[in-house]
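Residues per chain, in single letters:
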Amino acid sequence: MAEIVIKGVAKQFGAFTALHSVDLTIADQEFMVLLGASGCGKTTLLRIIAGLEAPSQGEVWIGGRRVDHLPPRARGIAMVFQNYAVFPHLTVFENIAFGLRMANMPQAEVERRVTRTAELMHIGQLLKRYSGELSGGQRQRVAVARALAMEPDVILMDEPLSNLDALLRLEMRAELKGVLAQSKTTTIYVTHDQVEAMSLADRISVMNGGYIVQADRPTEVYRNPAARFVGSFIGNPPMNFLPASPDGAGRWRVAGRVFDGPHAEAAEFAIRPEDLQAASDGLNAEVRVVEPLGPHTLITAEVAGQPFRAVLESDRQVAPGDVITLAPVPDRIRWFDPETHKAIA
Amino acid sequence: MNRALPYLLLLPASLFLLVFFFYPFGLVVVESLTRGGEWTTENFTRMTGHWKFSTAFWNTIWLTAIVVPVQLIMALAMASVVQKLKTGRAGLLYIFAIPLGISDLAAGLVWLAIFEQSGFLNSILHAFGVIDRPQLYLGYQSLWVIFLAVCLAEIWRATAIMMVIIVAGMGLIPKEYNEAAEVFGASAWQRFTRVTLPLLRPSLQTALILRILMAFEVFAVVMALGGTTLPVLMGETFQWQFQLQDRGVAAAYAMVILGLSVAFSLVVLRLLHVPKGARI
Ligand SMILES: Nc1ncnc2c1ncn2[C@@H]1O[C@H](COP(=O)(O)OP(=O)(O)OP(=O)(O)O)[C@@H](O)[C@H]1O
Ligand SMILES: [Mg+2]
């Protein structure tokens, strides 16, 4: 049982605030992904949970126990470091075995676990090597194996697959998910790869500038961004935004067209590029760039002077300079407050 | 041209070494193995036959065996503390390094001023009424006191050199290794023995070899505190060279010191060997 509760955790480095009062609850055995741009405080939050950094304010609870005053080793966690921290003076075997040795595990059990996790991470043939004799990706997998071998209640992973090639990454991702689900571990997984986040997470916490902007199920984060930032950060290409002016109660004029919208003072119109259909009636878009991606064609156009992207069927013939009409799928339109950038229901 | 340049730049220094080091060194080797122009081992038999040889040999070994480990432990402890400091680190290092600026003879004299009959130790003990008249500490009746005084003076004088090397070495170890060890359950002591020490091996090699060589050459401190009462190898070399005017035996002593230095350096290198690929 290892529920993680973070209450009002803030962190200042001198005058710089890396985390602003973060509140987050991660359920027992949940797979939580922290997603955000570089420098938004993901590693800092992870290090505070691990006990490598003391929070400036706030509390950290793991499994019903307040831990923010406890040293890392008393917290029942294992961690994959962003820069691996694979011990250079130990072989791969001894690296993976490190935590088990500290726990005085019998040799037979150590061997069983090391072999199993090494196989899982496809580094079984490297057990006798030193870290200086490994590639970056191999070193990273040693770091993951070292954490998995602990079979901990809580595992913290800081971009554990960032250095692998696309194919291996896909494979490792699937294996990690399987192993962690089986082992009943509570996982916090940092990444800035949104596909990885989507595919692994039970819930995603989107971070921005030291705040958690939204923490929800992947589809929810994708479909119903709680803030403009989430829409613009998640999705490739990201959401399109257009200014809207009121046109009667609950009706908004966007790029010369009128849509049903919220009852509010002001609003901004948003739609995902894949939620647009080529139709005879819709937004007029002047095509600038056409990028065929295989199954789809990505179009960068201009709507009312704003950059605007659309994902169209690849059999559709368009050329730069064409003016096409794009119809937003009505129930996929989202509205944001232009002041607070929060979603308007 | 480009490939030759580094060698050309090093040439003057290399020549200097060859002329002023290896040449005289070769002469000493020859000296130790000849007598009156004949090749012989007589210098060595004379040396070992003299009653002071074995005392000098074992005194030197014992001094090294006591002083170096004590210094190593102290230097490691001090370096660990200095390493943790956030401010005032440079200042502390300077303070610790002060004895380094003093020559070994001066260091010996400092401790002589403490231990001699009219020295500080007697004054203090007398002032506190522990003794009623000055004691003779460094006499030939109490050899072990001289030995102890030499150990103290050596530790005081040369611990800093090891510490400075170790502090520099610790600075090279990225802190993430210690953090990883901490997360994976290592106590402070385990982190020190399982992570810091192994990663410090290159620095330990340097510090130990440097210090062991210095210890085998201990001379001025012993002279200042004990004269010839406590014979050591270097002291005997000096005696044979200048007092007894026997350059052959003096050269043989020099060879013994060299042999010890080489042997122990090899032992240190072997024990603290870092396998290829296991470096930071
Ligand atoms: N020890 C420190 N001292 C001062 N500032 C720090 C320190 N550690 C982190 N920061 C700052 O805090 C912010 C958050 O850093 P953090 O490492 O948590 O980012 P991150 O989200 O993990 O980024 P990335 O994706 O690049 O790893 C950054 O702006 C960084 O410059
Ligand atoms: Mg980071």
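Summary of the structure given here. Remember, predicted model here, so these are calculated numbers, not experimental data.

So, on to unusual backbone geometry. All names here are of chain A. Between Asn 236 and Pro 237 the backbone carries a cis peptide bond, its omega angle lying at 0°. Here Pro 237 lies in the loop between helix 8 (228-233) and strand 11 (240-243). The backbone of Ser 21 sits at a positive phi, close to 20°, despite the residue not being glycine. Structurally, Ser 21 is set in strand 2 (residues 16-26). Taking the relative accessible area as the measure of exposure, Ser 21 reaches 48% and is therefore partly exposed.

So, about the interface of chain A and chain B. Taken together, the contact pairs 24 residues of chain A with 24 residues of chain B. Summed over both sides, the interface of chain A with chain B buries roughly 2,100 Å², with 67% coming from carbon and sulfur. Looking only at chain A, the three residues that lose the most surface to chain B are A:Arg73, A:His89 and A:Met102, adding up to 30% of its buried area. The residue A:Arg47 makes a salt bridge to B:Glu179 at a minimum N-O spacing of 2.8 Å. Where chain A packs against chain B, one counts four residue pairs in polar contact (both at pLDDT 80 or more). Looking at the side of chain A that touches chain B, the elements that each hand over two or more residues are strand 6 (77-80), helix 2 (92-102) and helix 4 (136-149) of chain A. Among the residues forming the side of chain A that touches chain B, the class breakdown is 15 nonpolar, five polar and four charged.

For the rest of this paragraph, the subject is the pattern of salt bridges. Residue and element names in this part refer to chain A. Going through the model one piece at a time under the given rule, you end up with 29 salt bridges over all chains. A salt bridge links Arg 112 to Glu 109; the nearest nitrogen and oxygen atoms lie 3.1 Å apart. Note that Arg 112 and Glu 109 are positioned in helix 3 (residues 107-120) at a spacing of three residues, about one turn of the helix. Given a relative accessible area of 43%, Arg 112 falls into the partly exposed group. You can call Glu 109 partly exposed: its relative accessible area is 22%. The residue Glu 109 makes a salt bridge to Arg 113 at a minimum N-O spacing of 3.0 Å. Taken together, the positions of Glu 109 and Arg 113, both in helix 3 and four residues apart, correspond to about one turn of that helix.

The rules behind the values
- Residues numbered from 1 in each chain as written.
- Chains lettered and ligands numbered in written order.
- Predicted model: local features only at pLDDT ≥ 70, side-chain atom pairs only at ≥ 80, totals over all residues.
- Heavy atoms only, no water.
- Helix = DSSP H or I, 4+ residues; strand = E, 2+ residues; numbered from the N terminus.
- Buried < 20%, exposed > 50% of the residue type's maximum accessible area, 1.4 Å probe, protein only.
- Contact = heavy atoms within 4.5 Å.
- Buried area = accessible area lost by both parts, 1.4 Å probe.
- Salt bridge = Lys/Arg side-chain N within 4 Å of Asp/Glu carboxyl O.
- Polar contact = N/O pair within 3.5 Å; in protein donor to acceptor, adjacent residues only side chain to side chain.
- Nonpolar A, V, L, I, M, F, W, Y, C, P; charged D, E, K, R; others polar.

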